[in-house]
Protein chains: 2
Amino acid sequence: MPLLFWLVPVSAIFALGFSYFFFKQMLRYDEGTDMMKKIAMHVRKGASAYLKQQYKIVIIVFLVITVIFSILAYGLGVQNKWVPFAFISGGFFSGLAGYFGMKAATYASGRVANACRQSLDGGLRLAFRSGAVMGLVVVGLVLVDISAWFIVLNLVLPETGDGFKLMSITAIMLTFGMGASTQALFARVGGGIYTKAADVGADLVGKVEADIPEDDPRNPATIADNVGDNVGDVAGMGADLFESFAASILASALLGAAAFQAHGLEVQINAVIAPMLIAAIGTLLSIAGVFMVRTKEGATQKQLLRSLGFGVNMSAGLIVVFSLLILYILGLPNFLGLWGSILVGLLAGISIGQSTEYFTASAYRPTQKIAESSATGPATVIISGVGTGLISAAVPLAIIVVAITLAFFFSAGFTFSIENLNSGLYGIGISAVGLLSTLGITLATDAYGPIADNAGGNAEMSGLGADVRKRTDALDALGNTTAATGKGFAIGSAALTALALLASYFEEVRMMFVKFLDRPTELINGIPAIEAEFIDFVEHYEIHLMNPKVIVGVLLGVMSVFLFSGMTMNAVGRAAMKMVDEVRRQFRTIPGIMEGKAEPDYARCVEISTKGAQKEMMVPSLIALLIPVVVGLVFGVPGITGLLVGTISSGFAMAIFMANAGGAWDNAKKYVEEGNFGGKGSEAHKASIIGDTVGDPFKDTSGPSLNILIKLMVMASVVTVGLAVSYHIL
Amino acid sequence: MPLLFWLVPVSAIFALGFSYFFFKQMLRYDEGTDMMKKIAMHVRKGASAYLKQQYKIVIIVFLVITVIFSILAYGLGVQNKWVPFAFISGGFFSGLAGYFGMKAATYASGRVANACRQSLDGGLRLAFRSGAVMGLVVVGLVLVDISAWFIVLNLVLPETGDGFKLMSITAIMLTFGMGASTQALFARVGGGIYTKAADVGADLVGKVEADIPEDDPRNPATIADNVGDNVGDVAGMGADLFESFAASILASALLGAAAFQAHGLEVQINAVIAPMLIAAIGTLLSIAGVFMVRTKEGATQKQLLRSLGFGVNMSAGLIVVFSLLILYILGLPNFLGLWGSILVGLLAGISIGQSTEYFTASAYRPTQKIAESSATGPATVIISGVGTGLISAAVPLAIIVVAITLAFFFSAGFTFSIENLNSGLYGIGISAVGLLSTLGITLATDAYGPIADNAGGNAEMSGLGADVRKRTDALDALGNTTAATGKGFAIGSAALTALALLASYFEEVRMMFVKFLDRPTELINGIPAIEAEFIDFVEHYEIHLMNPKVIVGVLLGVMSVFLFSGMTMNAVGRAAMKMVDEVRRQFRTIPGIMEGKAEPDYARCVEISTKGAQKEMMVPSLIALLIPVVVGLVFGVPGITGLLVGTISSGFAMAIFMANAGGAWDNAKKYVEEGNFGGKGSEAHKASIIGDTVGDPFKDTSGPSLNILIKLMVMASVVTVGLAVSYHIL
C-alpha cells in the first residue's frame, strides 16, 4: 500500500472531527425564547418522525435486496461474495450521514434565528457552519467507507500478480455505491414528495383560500412545510451527493485499475488511489474553506454571496494546484492529460452552475420574460416557463458533451480506438472526481439554504421584530440563490458520475466475460486473452447501434425517465390533495384557530405528509430498481447498455428542464413581487403564483429524483451484470 | 420490370382520379347564404395568403439546399448526381398535395355547414369526402413520384448484375423523401405556430377579457383562428404524413434491396417492389373504404364514430388479407414472417391510437382526474396534466419496443447476428409500410376534423339556427375524437418510419464505404468484399456504445429535441402576444365593433399570424436542418448514429407527452363544461380553460413538429452521408 494512501483515512478523520466540532459549537448557542424553542422542537420532532418512518421502509428494502444479492452471490455464483456486505455498508453510511445532517440542521435553525437577533455575521456563520456539519459528515463517511474496504480487501484477497487483484477490489467496492444509491432513492423521492405535498398543500389553502401569509403559525401545515425543507433539501440532497461522491471515486478507481493494468502493479495502484487522494485533498481544502466564510454587519446580498463564494472558490482554486501535484507525485503516465481532464470536470461544474443562474435568476432576460408573460394570465406564464425550461436544458447538455469529449481526449490522445478506450474512460471518471472533490464545502452551502429558510420561518412564527426578520430574510434570499446553483451542481455531477459508472459497467462486463471463460492470462493470436476477449465482447455482445436490442434499450431508457417523472409528479398532486383536505378540516373544526387563540394540530399534518410520501414513493422506486434487472433478463447486455444510455441522456435533460423551469417560475414570482408588472396583489402576481406552485414539484420532486434515477439504474446494472450475462431470453 | 409493379402507377392514377372526382362533386354543392359565402371567402383568402407566403420561403430554402446538394454531388463527388433532382421532386409533390388538400378543405367547410341545414348524413358525407380529397391526393402523388423515379432510374442506370443497380436506384429514390421532409418541416412548424398564435390570441382576449363566445364574428382573430385549423391540421398534417408514407416505402425498398442482394435479381426486385405494392393495394382499399362511410339522420356520436370506423376498419382488415397474397405471389423467402411484421405494424398503430384515446378522452380516469383537480385551481390542473402526459408517453414507447422487436424477429428469425441484420431491418421497414398502407382513408378522417370545425365556425358566424348548429356540433365533436387518434397515428408512424430510415442510414453508410473502396465484387477471405466491408464497417466506424462519440451523439440528439420543442413553444407565446395586442387595439379603436355594427379587420389578424409564423419558424427549422450536418462534420458517422438514436427516442416520447397532455387538458375542460365539478362558469371551469390554453401549443405546435424533427434529422443524415464519411474532424 503506497504511503500516500493513508491520506485518505486521515482526511476522513479530519472531516468527521471538524463536523463534530461544528456541531458541538452550534449546540452551545442559545435557542432563544420559549416560543422559538417550541417551534424548533416541533420541526425537530417532525423531521425525526419522518426519518424514522423512512428508515423503517429502507431497512425492509435493504433486507430484501441483500437476500437477492446473497442468492446471486452464493446460490447462482454470478456475483462476488463480498457484494452483499459492500451493499449494506454503503446504505448504512449514507443513512448515517443523512441522520447527522438533518439533526444538525434542525438543531441549528432556531439558534440561527436567535443569532440574528444580535448580528447578521453571527447568523451567517452559524448557519453556514451548521451546513458544514452535513457537508463534512457526508464526505467523511464516504472516505471512511472507501478506506476501510480498500484496506480490508487488500489484506484479504490473494495477490495474482497480473493486476487482477486490483480490478477485483475496485469492482467489489463499486457495489457499495449501490447501497448509497438505494438509500438516496428513498431519501430523494420520499423527501421530494414530502416537502412539496406540505408546501403545495399549505400554500393552496393558506395563501390562496384563507389569505394568510407564508409561515403563519395559524396554518396547520406550516410545521410540515418547514420539516419538508429539511427532509427534502438536507437529507435528500445529502444522500444524492453522498452517492455521486462515492460513485465517482469508485468508478474512477475501477477504470484506473483497468486502464493501467498493463503498466505494472505500482502504476496501477497509483491510478486506483489517485481519485481517492484528490477527494481527500479536496476534503481538507473544504475544511479550510469553511473557516474563510465570514461577513460584516449590514452586508448586502451581493456581499453575502461573495463571502460564501470566497470559501468555495478558494477550495476549488487550490484543488487545481494540488491535483497536479498529486498526479505528478504518483507518476502516472500522461499525468498532464489527466490533470486536463480534472480541470474539464471543474469547469463543467462551474459552467452548469452559471447556466442555471442565467436561466433562473430574475436578473436575466429568461426569467424576466416569464414574469412579463404573467400580464396575460397564468396560461402564458406556464407556456413561457415550459418553453424556456426546455431550451435551458440544451446548454448543460452541450457543456457535458464538450466536457466528456475533452476529458476523454485529454487522457487518451486525440484519436479513438479500442486500445485507448480505457484511458479515455478513466479521464471521464476522474473529471467527475474533479468536479466533486470540494464537495465538503459545496454541500455546506447547499445545506445552509434550508437552515436559513427554517430560521426565517422560526422568526416569523415566533413573532420576532422586523430587524431580525430583515436579517433572516437576507440569509434566506442568499439560500435561494445557492439552492438554484446547488441544484445545477447536483444534476451536473450526477450526469458525469452516471457516465463514469456507465464506463465502469463495460469493465464489469469484461470481467464477467473473462471470469466465465476462466483463462485470463492465456494468449490468443499473441494478444492476451483479456484483450482479445474484450475486443470480442464488443462484437459478441453487439452493443452497437445497428442491433435492435440496443435501440430497444434506448427507447426503454427514455420510457423509464418519462414514466418515473410523471409518477413522482402525480404523487405530489395526490399527497398535496390530502394535505389540502386536512388543513381545510382543521380550519373548519378547530374553533379560534384563525384568531390565533387555538393551536392547530401540526402533528397531524406532519403525519399526513409522512404517510403520503412513504406510500407514494414505493411504486416509482420499485420501477427504478426493477427495470434494469428485467431489461437485462430479456435483452441481455445490449439491451442494458442501450437502456443506460437512454436513461442518462434523457434523464439529464429532463432533470435540467424541470429544475430550471421551476426555479425560473419561483423567481419570476419574486420579480413581480418586487413591484414589476403590477406588483403584489395584481392579476399578474396571481398568475405568477400559479406558475410558482406548478414549479414546486418540478424543481423539488421530479427534477432532483431524476438525479438518482440515472445513477441508480447504472448502479443496479453494474451490480447485476453477472445475471444479465448469464441469463437472458433474447 | 415485374408486371405486378404496374399496379403502383395504376393505383396512383385511381387515387388522383377519385380525388378529383370528390373535389368536383363537392364544388357542385351550394355554399349557402351570402353571409356564409363571405365568411368562407375570408377563410379561403386567408389560407391562400398564408400558403403563398410559406411557399415563397420554402422555394428559397429549396434553392439553397439544391445548390448545396449540387456542390456535394458535382463538386465534391460525395453524393449521387441524381440527388438534387430527387430532392426537388419530393418537395414539389408534397407542396402540391398541401395546396390541393387545403383548397378542398377551404371550399368544403361552408358547403358542409350548408349541407347540415338539410341533414346530418349529408353533412358527414360531404365533410368526409372532402377530407378524402386530401387523403387520396397525398397517397396518389407519393405513388406517382415513386413510380416515375423507379421507371426512369431503371431505364437509365446501367445493369451491374450483382444487385448493385437496385441498391443504387433505391438509395437515390430515398432522397426524394428529404424533399418531402423539408416541405413538411415548414408546413408543420409554420402551420403549428400560425394556428396556435391565432387560437391563443383569440381566446385570451375574446373569451377571457371580452367574454364573448368562440367563433364570434365580433372577434377580429376569429377568421385567423379558422384559417389556422386549415394550415395547421390540413396542410401540416398532410405534409407530415406525405413524408411518412413516402419515407417508409422508400426506406423499405432500400432495405429490401440490401437484404435480398444475395438471393438473385428476381427475388431482390420483388423485395423492392413489395412495399410499393402493399401501399398501392392499401390505396385502392382506401378508395373503397371512403364509399362505405355513411350515416343516418339523428345518429348519436357513437354511431357517427362507428360509420367512420367502418370504412377505416374495412380497409385495414382487407389489407391484412391482400398483403399476404402479395407476399405469396412475389415468392419472397420467409413471406409468412414478413407478413407477421406487417401485422405487427398495423397492430402497433391501432394500439397507439387506443392508448391515445385512453389518456385523452373524458370517458376514462386520466382525463377525469385532471378535470377533478381543477377544483383546487389552475396549478393542480397543470401539475396533473403534466404528470399524466409524462406517464402516457410510456405506453406507446412500450408498444414500439414490442413492435420493433417482433417485426425484426419475425422476418429475421429469433436470434440476432450481423448476417440476419438486413432481413430484420427490412421487417421493421415493412411493418411501417403496413401501418401506413391505408393512409388514404386514415388521412381522410384527419382532414375531416378541421373541415367540420370550420363548418361549425361558419354556421356560428353566419347565425344559422340551433338545429343546424347542433348538427355541425355533432360533426365537430366527432372531429375532435378523430383528431386525437389521428395525432397518435401520425406520431406512431413517424417513429416507425424514423426507425426504418435509421436502418437505411446504415445501408447508405455501407454503400459509401464500398463505393470509396471501389471493389464491390472482390472476395476477401472467401466473403464478398461487400459483406466483409460491412462487418468491418461496424468495427471501423465504432458505432458501439463504448465510443464516447456515440454517447456524445445521443446527448446531442436529446439536446436537439429539448431545444426544438422549447423554441416552438416560445414561438407560439411570442406570436400569440402580438395577436393579443392587435385584437385589443381593434376592440379599442374600431367603434361599434362590440355591438356587431362594424366589421373587424380580419385580414390584419391573418397577416399578423402569417408573419409571426413565418418569422418564428426560421430558427427552429434551421436548427433541425443544420444539426445533423454539423455533428457529422465534427464527430463523423459514430456521432451521427448516436444523434439519430437520441433524437428518435426522446423526440418520440416528448411528442407523445405533449400531444396527450394537450388533448387531455382539452377534454378535461369539455368534461367540466358538461356539468362536472361545477360546470360552465365555475372556478373549476376557469381553471380548466387555463389548462386547455396551455395545452394548445403542446398538442398543436411543439408535439406534431417533433414528428417532423425525428424524420428530418435522419433524412438529412441519409442524404449527407457521403459528407460525414469523407470529412470529419474527430
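Model, not experiment: these values are computed from the prediction.

Moving on, we come to the overall build of chain A. Within chain A one finds 21 helices and two strands. By the compact-globule yardstick of 27 Å for 730 residues, chain A fits well, its C-alpha radius of gyration being 25 Å. C-alpha atoms of chain A, sized along the principal axes, occupy 85 × 50 × 45 Å. Going through the 730 residues of chain A one by one, you find that 68% of them count as buried.

Opposite the 68 residues of chain A that make contact, chain B presents 68 residues. Listing elements by their share of the side of chain A that touches chain B, those giving two or more residues are α6 (176–210), α12 (378–392), α13 (394–412), α14 (421–436), α18 (548–589), α19 (602–673) and α20 (683–719) of chain A. Residue contributions to the side of chain A that touches chain B peak at 21 residues, all from α18 of chain A.

Here we come to the nonpolar core. The biggest cluster of nonpolar side chains holds 555 residues, and the ones touching the most others in it are Ala127, Val138 and Met173 of chain A together with Ala127, Val138 and Met173 of chain B. For this core, the leading source of residues is helix α18 (residues 602–673) of chain B, giving 31 residues.

All names here are of chain A. Note on placement: leucine 285 falls in helix α8 (residues 265–291). The spatial distance from the C-alpha of leucine 285 to the C-alpha of lysine 207 is 44 Å, given a sequence separation of 78 residues. Dropping the residues within four chain positions of it, leucine 285 is found in contact with Ser315, Leu318, Ile319 and Thr438.

The next subject is the packing of α6 of chain A against α18 of chain A. Residues and elements named next belong to chain A. Running from N to C, α6 and α18 cross one another at 45°; their axes reach a closest spacing of 7 Å. For the element pair α6 / α18, the angle class is oblique. Note on packing geometry: the crossing formed by α6 with α18 is right-handed. For the pair α6 and α18, contact is made by Val189, Gly192, Ile193, Lys196, Ala197, Ala198, Val200, Gly201, Leu204, Val205 and Ala210 and by Thr568, Ala571, Val572, Ala575, Ala576, Met579, Val580, Val583, Arg584 and Phe587, respectively. Tallied by class, the residues present in the contact of α6 with α18 amount to 16 nonpolar, three polar and two charged.

Once that is clear, we can look at the confidence of the model for chain A. Here chain A shows a mean pLDDT of 90. Residues at 70 or above account for 96%. Predicted as a complex, the structure gets a pTM of 0.95 and an ipTM equal to 0.94.

Turning our eyes to something else, we now look at the relation of the copies chain A and chain B. Each copy superposes on the other: chain A lies on chain B with an RMSD of 0.0 Å after a rotation of 180° and an axial shift of 0.0 Å. Viewed as a symmetry operation, the transformation between the two copies matches a two-fold axis. Considering only C-alpha atoms, the residue of chain A closest to the rotation axis is histidine 544 of chain A, which sits at 1.8 Å. Both copies share a contact surface, since 100% of the interface residues of chain A are interface residues in chain B too.

On to unusual backbone geometry. Residue and element names in this part refer to chain B. Residues other than glycine seldom take positive phi values, yet asparagine 334 does so here, at roughly 55°. Checked against the element boundaries, asparagine 334 lands in the loop between α9 (301–330) and α10 (335–360). Take asparagine 334: there are 16 C-beta atoms within 10 Å of it, and that puts it in the partly exposed class.

Residue position: alanine 653 of chain B is located in helix α18. The sequence separation of alanine 653 of chain B and serine 565 of chain B amounts to 88 residues, and the corresponding C-alpha distance is 12 Å.

Take α20 of chain A next. Helical geometry: 3.6 residues make up each α-helical turn, so side chains three or four residues apart lie on a common side. Residue and element names in this part refer to chain A. For α20, which comprises 37 residues, the first-to-last C-alpha distance of 54 Å matches the rise-based estimate of 54 Å (1.5 Å per residue) to within 8%. At glycine 695, α20 shows its maximal kink, close to 35°; a proline, proline 697, follows between one and four residues later. Extensive coverage of α20 is indicated by the burial of 34 of its 37 residues.

This paragraph deals with the environment of alanine 724 of chain B. Residue and element names in this part refer to chain B. Within the secondary structure layout, alanine 724 lies in helix α20 (residues 721–726). Put simply, alanine 724 and valine 637 are 87 residues apart on the chain and 6.1 Å apart in space, counted from C-alpha to C-alpha. Excluding anything up to four places from it in sequence, alanine 724 contacts Gly632, Leu633, Gly636, Val637 and Ile640.

This brings us to the packing of helix α11 (residues 365–373) of chain B against α18 of chain B. All names here are of chain B. As a packed pair, α11 and α18 sit with axes 8 Å apart at the nearest point and diverge in direction by 65°. Of the possible angle classes, the one that applies to α11 and α18 is roughly perpendicular. The element α11 and its partner α18 pack so that their crossing is right-handed. Contacts from Pro366, Thr367, Gln368, Ile370 and Ala371 of α11 reach α18 at Ala664, Trp665, Asn667, Ala668, Tyr671 and Val672.

Definitions and limits used
Residues numbered from 1 in each chain as written. Chains lettered and ligands numbered in written order. Predicted model: local features only at pLDDT ≥ 70, side-chain atom pairs only at ≥ 80, totals over all residues. Helix = DSSP H or I, 4+ residues; strand = E, 2+ residues; numbered from the N terminus. Rg over C-alpha atoms; globule rule 2.2 N^0.38 Å. Buried ≥ 20, exposed ≤ 12 C-beta atoms within 10 Å, placed from the backbone. Contact = placed C-beta atoms within 7 Å. Core = buried A, V, L, I, M, F, W, Y, C linked by C-beta atoms within 7 Å. Axes fitted to C-alpha atoms, helices over the stretch in contact; angles between N-to-C directions. Parallel < 35°, antiparallel > 145°, perpendicular 65-115°, else oblique. Left-handed = near helix turned anticlockwise from the far one by under 90°. Nonpolar A, V, L, I, M, F, W, Y, C, P; charged D, E, K, R; others polar. pLDDT = per-residue confidence, 0-100. Least-squares fit on C-alpha atoms with pLDDT ≥ 70 in both. Expected span 1.5 Å × (residues − 1). Bend = angle between axes of the 7 residues up to and from the residue.

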